[in-house]
Amino acid sequence: METYRSQDFGDKAEKIRVEKFNLYYGNFHALKDIDAVIVENAITAVIGPSGCGKSTFLRSINRMNDTVEGVSTTGRILLDGEDIYRPDVDVTWLRSKVGMVFQRPVVFPLSVFDNVACAPRLQGTTDRAELVDIVERSLDAVGLWDQLKHKLKEPALSLSLGDQQKLCIARAISVEPEVILFDEPCSALDPVNTLKIEELMWGLREHYTIVIVTHNMQQAARVSDYTMFMLDGRLIEYGPTSSIFTKPQDPRTEKYITGKLV
Amino acid sequence: MSHSRDERRAELVLALVALVSVSVLGLITVFVFKEGLPAFREMGLWQFITGHRWSPSQNAFGIFPMLVGTFMVTLGALAIGMPLGLGCAVYMSEFSGPRSAALLKHMVELMAGIPSVVFGFVGLTVIVPFIRTYLGGPGFSVLASSIVLGFMILPTMVSVSYDALRAVPQAYRDNMLALGATTWQTVRMVVLPSAKSGILAAAILATGRAIGETMAVIMVAGNATAVPESVLDPVRTLTSNIALEMGYSAGLHRQALFATGIVLFVIVTLLNLIARAAIRGGSAK
């Protein structure tokens, strides 16, 4: 594969650089020699068939794979030029810079307010007024504030699934990360809520670096600026979404996006 | 044809076996109440429960000192066993690797198999002299009983609260970690609050175990029938009272011991009902 060069991103600034990155689960070689640059204020989608390593790749960017036993890596992932796999990197610091939204919305059995406030509390924010401010700002950013401003004390589990996912996004942005990783964020949602979350991501792109893993090619085409196609742990093709979907360079990419490779 | 007959016969036999096991509970209940209730009629329930004097030779049967004793010893055991047990469960579930968690769980289960007389013997030869030498008093005391019981309730406390912690969805932990939480923050802010009903159930079951334990307590408690004024005073619990005097009792004395059994029966049944409600309340959420 030809490495996608930074000048191909126009005026967008580089945020994440992946260099010769390999990841092993025990003996299983899950990610193979990944090289890529991910830019700011854009949405980068990662697509590929199940088991191609796209979620593993996403979870490498906030080191969530560390929680799996037997994981080892080689190569580097740089965030703003700093290698996040250096031994002295504090993963809690990294994860406050690189937020994550999971496949299924996971709200804690706490109130709406506490669900959002728990994230800034982790960073040591205890001042009530400041927390109130953060909760309002975060809920407003995901379009839930007007609906929930009088229901902050209600259990978050009483919200609809779509709203729970928005709440998870509010929680992720409450600590002002720079990167947000979305791991198939709409796979548990109906089409209406899926579109709402996509609109939300499109708005967030102004302020964040967004990487989304999706098995839904239409979603990747709708929502992303750049697309990576992965297969068997390798990055096969990477480029502007429009060109990946209209004139793929690699025959395997073409096979996948035309539905002949599952 | 003969298969289905075998099947029916097996079912019938097993149903009978099950019935026998359950009917023993019924028989014990009926028997204890039948033998004990006359004592209440004789001296009045209130008098029996609040009476300060237990002196069978003078026909004085007040179990108040034993009630207080049971309460103090149980509370002391919980004060020791709960933090130890919960701490152990949290370590096993959240911090240690799966291999050492399995090893610890195995050891805790082994601990449940140690006969209570062995716990009592260790208490008698180690804890009682230690208290006598360094803290004063006879050594046989509320404190000695609480320490011995505190360790005896550990298996219950550890395994029930460990199960409650493991039942907390892994997604909660992943989401907290992804927000930049440390493991300890995750435990404190999400895992423990989510598991609280199961932990409460563990504490209640452990309480039941502490109240019911007899042998080990008799060996280290001193068994005086006075209301203890400090944790260094000797104490007699409700179960000890029955075990110590059953052998030579007769008449009203015997009935009073069965009546003590009724009081215990009611306390332990209530605790079990509360524990079950706590577990149900937790899983309903």
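## Considerations on helix α3 (residues 112-122) of chain A
Item 1. Within α3(A), 8 of the 11 residues are buried, which leaves it mostly tucked inside the rest of the structure.
Item 2. For α3(A), the complete set of buried residues consists of Val112(A), Asn115(A), Val116(A), Ala117(A), Cys118(A), Ala119(A), Pro120(A) and Leu122(A).
Item 3. Residues of α3(A) that are buried sit in contact with α4 (128-141), α5 (145-148) and α6 (161-173) of chain A together with α9 (183-194) of chain B.
Item 4. Downstream of α3(A) by one or two residues, Gly124(A) has phi in the positive range, about 95°.

## Regarding the sheet that holds strand β3 (residues 43-47) of chain A
Hydrogen bonds between backbone atoms are what pair the strands of a sheet, whose relative direction is either parallel or antiparallel.
Residues and elements named next belong to chain A.
Item 1. One open sheet accounts for 6 strands, arranged β6-β7-β8-β3-β9-β10; its pairing is mixed. The open sheet has two edge strands with one neighbour each: β6 (98-101) and β10 (234-240). Strand-to-strand twist in this sheet, taken as the mean axis angle between neighbours without regard to direction, amounts to 20°.
Item 2. Judged from the 4 bridges that link them, β6 and strand β7 (residues 179-183) form a sheet pairing that is parallel. Paired with valine 101 across the bridge in β7 is phenylalanine 182.
Item 3. Contacts from α6 reach β6 and β7 within the one sheet, and its direction differs from that of β6 by about 170°.

## Observations regarding the environment of Asp140(A)
Residue and element names in this part refer to chain A.
Item 1. Locating aspartate 140 in the fold gives a position in helix α4.
Item 2. Judged by local crowding, aspartate 140 falls into the partly exposed class, with 13 C-beta atoms found within 10 Å.
Item 3. C-alpha of aspartate 140 to C-alpha of glycine 48: the two residues are 92 residues apart in sequence and 33 Å apart in space.

## Thoughts on the nonpolar core
For soluble globular proteins, the rule of thumb is that nonpolar side chains tend to be buried together.
Item 1. Counting residues in each nonpolar core, the largest one holds 138 residues, and the members touching the most others are Val148(B) and Val220(B).
Item 2. Contacts of Val220(B), omitting those with residues within four sequence positions, involve Gly120(B), Gly123(B), Leu124(B), Ile127(B), Val128(B), Phe140(B), Ala144(B), Ser145(B) and Val148(B).

## Side note on the interface of chain B and chain A
Item 1. Chain B puts 15 residues into the contact, and the matching count from chain A is 19 residues.
Item 2. Those elements giving two or more residues to the side of chain B that touches chain A turn out to be α8 (170-178) and α9 of chain B.
Item 3. Looking at which element gives the most residues to the side of chain B that touches chain A, the answer is α8(B), with 6 residues.
Item 4. A breakdown of the residues in the side of chain B that touches chain A according to their chemical character gives 8 nonpolar, 5 polar and 2 charged.

## Some words on unusual backbone geometry
Residue and element names in this part refer to chain B.
Item 1. Unusually for a residue other than glycine, asparagine 59 sits at a positive phi of about 55°.
Item 2. By the secondary structure assignment, asparagine 59 is in the loop between β1 (54-55) and β2 (60-61).
Item 3. Located in the positive-phi region is asparagine 223, a residue other than glycine, with phi close to 65°.
Item 4. When you line up the elements, asparagine 223 lands in the loop between α11 (215-221) and α12 (238-245).
Item 5. What makes asparagine 223 buried here is the crowd of 20 C-beta atoms within 10 Å.

## Comments concerning the confidence of the model for chain B
Residues and elements named next belong to chain B.
Item 1. For chain B, the mean per-residue pLDDT works out to 91, and 98% of the residues sit at or above 70.
Item 2. Across chain B, helix α6 (residues 142-152) holds the top mean pLDDT of 96, while helix α13 (residues 251-284) sits lowest at 86.
Item 3. The ipTM for the predicted assembly is 0.86, set against a pTM of 0.82.

## Side note on the packing of helix α4 (residues 98-112) of chain B against helix α7 (residues 154-166) of chain B
Residue and element names in this part refer to chain B.
Item 1. The interhelical angle for the contact between α4 and α7, taken along N-to-C directions, is 140°, at an axis separation of 8 Å. Comparing their axes, α7 and α4 come out oblique. When you trace α4 past α7, the crossing you get is left-handed. Contacts between α4 and α7 involve Lys105, Val108, Glu109, Met111 and Ala112 from the first element and Leu154, Pro155, Val158, Ser159 and Tyr162 from the second.

Rules used throughout
- The residue numbering used here restarts from 1 in each chain and proceeds along that chain's sequence as written.
- Working convention: letters from A go to chains and numbers from 1 go to ligands, in the order in which they are written.
- Where local features are concerned, this predicted model is filtered to residues with pLDDT of at least 70; where side-chain atom pairs are given and counted, the filter is 80 or more; whole-chain, interface and lining totals use all residues.
- Counts of 20 or more other C-beta atoms within 10 Å of a residue's own C-beta define buried residues, counts of 12 or fewer define exposed ones, and intermediate counts define partly exposed ones; C-beta atoms are placed from the backbone.
- The numbering of helices and of strands both runs from the N terminus, where a helix is a DSSP run of H or I of at least 4 residues and a strand a run of E of at least 2.
- Residue pairs are scored as contacts if the distance between their C-beta atoms, which are placed from the backbone, is within 7 Å.
- By the convention used here, strands pair only if DSSP detects at least 2 bridges between them.
- Comment: axis = line fitted to C-alpha atoms, over the contacting stretch for helices; angle = value between 0 and 180 degrees taken between N-to-C directions.
- Under the definition applied here, buried Ala, Val, Leu, Ile, Met, Phe, Trp, Tyr and Cys residues are grouped into a nonpolar core through C-beta atoms within 7 Å.
- Each residue gets one label: Ala, Val, Leu, Ile, Met, Phe, Trp, Tyr, Cys and Pro are nonpolar, Asp, Glu, Lys and Arg are charged, and the others, such as Gly, are polar.
- Confidence scores labelled pLDDT are given residue by residue by the predictor and lie between 0 and 100.
- In what follows, roughly perpendicular refers to angles from 65 to 115 degrees, roughly parallel to angles under 35, roughly antiparallel to angles over 145, and oblique to any angle outside these ranges.
- Two helices cross in a left-handed way if the nearer one is turned anticlockwise from the farther one by less than a right angle. They cross in a right-handed way if the turn is clockwise.

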